[in-house]
Each structure stands twice: as C-alpha cells, then as structure tokens.
Amino acid sequence: QVELVESGGGLVQAGGSLRLSCAASGSILRIRRRGWFRQAPGKQRELVATITTGGNTNYADSVKGRFTISRDNAKNTVDLQMNTLKPEDTGVYYCNVLSGTFDTTNYWGQGTQVTVSS
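Residues numbered from 1 in each chain as written. Predicted model: local features only at pLDDT ≥ 70, side-chain atom pairs only at ≥ 80, totals over all residues. Heavy atoms only, no water.

1. Things to note about the environment of Thr101
Relative to the assigned elements, Thr101 resides in the loop between β9 (91-99) and β10 (105-108). Note on Thr101: relative accessible area 48%, which makes it partly exposed. Through-space distance from the C-alpha of Thr101 to that of Arg32 is 7.9 Å; in sequence the pair is 69 residues apart. (Helix = DSSP H or I, 4+ residues; strand = E, 2+ residues; numbered from the N terminus. Buried < 20%, exposed > 50% of the residue type's maximum accessible area, 1.4 Å probe, protein only.)

2. Comments concerning the side chain of Asn96
Take Asn96: it is sitting in strand β9. Taking relative accessible area as the criterion, Asn96 reaches 0% and is therefore assigned buried. Polar side-chain contacts of Asn96 include one of 2.9 Å to the side chain of Asn106. In terms of polar contacts, Asn96 uses its side chain to reach the backbone carbonyl oxygen of Tyr107, at 3.3 Å. Those residues in contact with Asn96 that sit more than four places away from it in its chain are Leu4, Arg33, Arg34, Gly35, Phe37, Asn106, Tyr107 and Trp108. (Polar contact = N/O pair within 3.5 Å; in protein donor to acceptor, adjacent residues only side chain to side chain. Contact = heavy atoms within 4.5 Å.)

3. What about the pairing of strand β1 (residues 3-7)?
Burial of the side chains of β1 is restricted to one face: Leu4 and Glu6 are buried, whereas none of Glu3, Val5 and Ser7 on the reverse face is. One ladder, built from five bridges, connects β1 with strand β3 (residues 18-25); its direction is antiparallel. Counted as the bridge partner of Val5 is Ala23 from β3. (Pairing = 2+ DSSP bridges.)

Here it is as structure tokens:
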C-alpha cells in the first residue's frame, strides 16, 4: 500500500520561508513525475510545481522565482522550498506522484496547511 506523508507546513509571516517535504512509503513503479499542488479556501486545487524523474521542472507562474522543487529518486522524496511567501500562498498543500505509462495513477498525500499572514 502506497502512502505519501507531507511535513513542514505551518504559520509564517509574509516574506518568510517554509520547506515542505513528502516521503512515499510502499512501492510505486514507473514514476513519471512528482509534484506539489495546493488548494485555497473556496478555490480549486491547482498545480504549484512538478519535477520529472529526469529532473525537468514546471512551476505555476505565481511561484516562479520564489519556490524550488527538488526530489531524491532513491529515497522517494520530493521537497518544496518556499521563499518570499505571500498571503495568497495560503492553502492546503498536497504532495502528488504520477506513475504509469499508458494507464496512469495519481497518488496523493493528506495535505499540509500553509498559512501566510500579512
């Protein structure tokens, strides 16, 4: 059974930093991509950043230059370093792993709350 466990959320003032970590337990075959998504109150879940097993990254425009995603394929972890946080970054952050080639599977963590005060 696969489980993704996030850590590192919390309350921070605007301009501050947080680092989120996600560790996967269990075996996930043919991982294509790891990433972070977030959901603010009353809004849909949105992509924050993704990274492929080869190291190619993709960021939402709103976080480019402030957030950095990294992964360790051997340890099956993915981190998100968040700098210069803004109140609009507030939300529940979810770790995601996409696996498979033709039939894909999305794995999700339970989410960790990030609150940025102004």
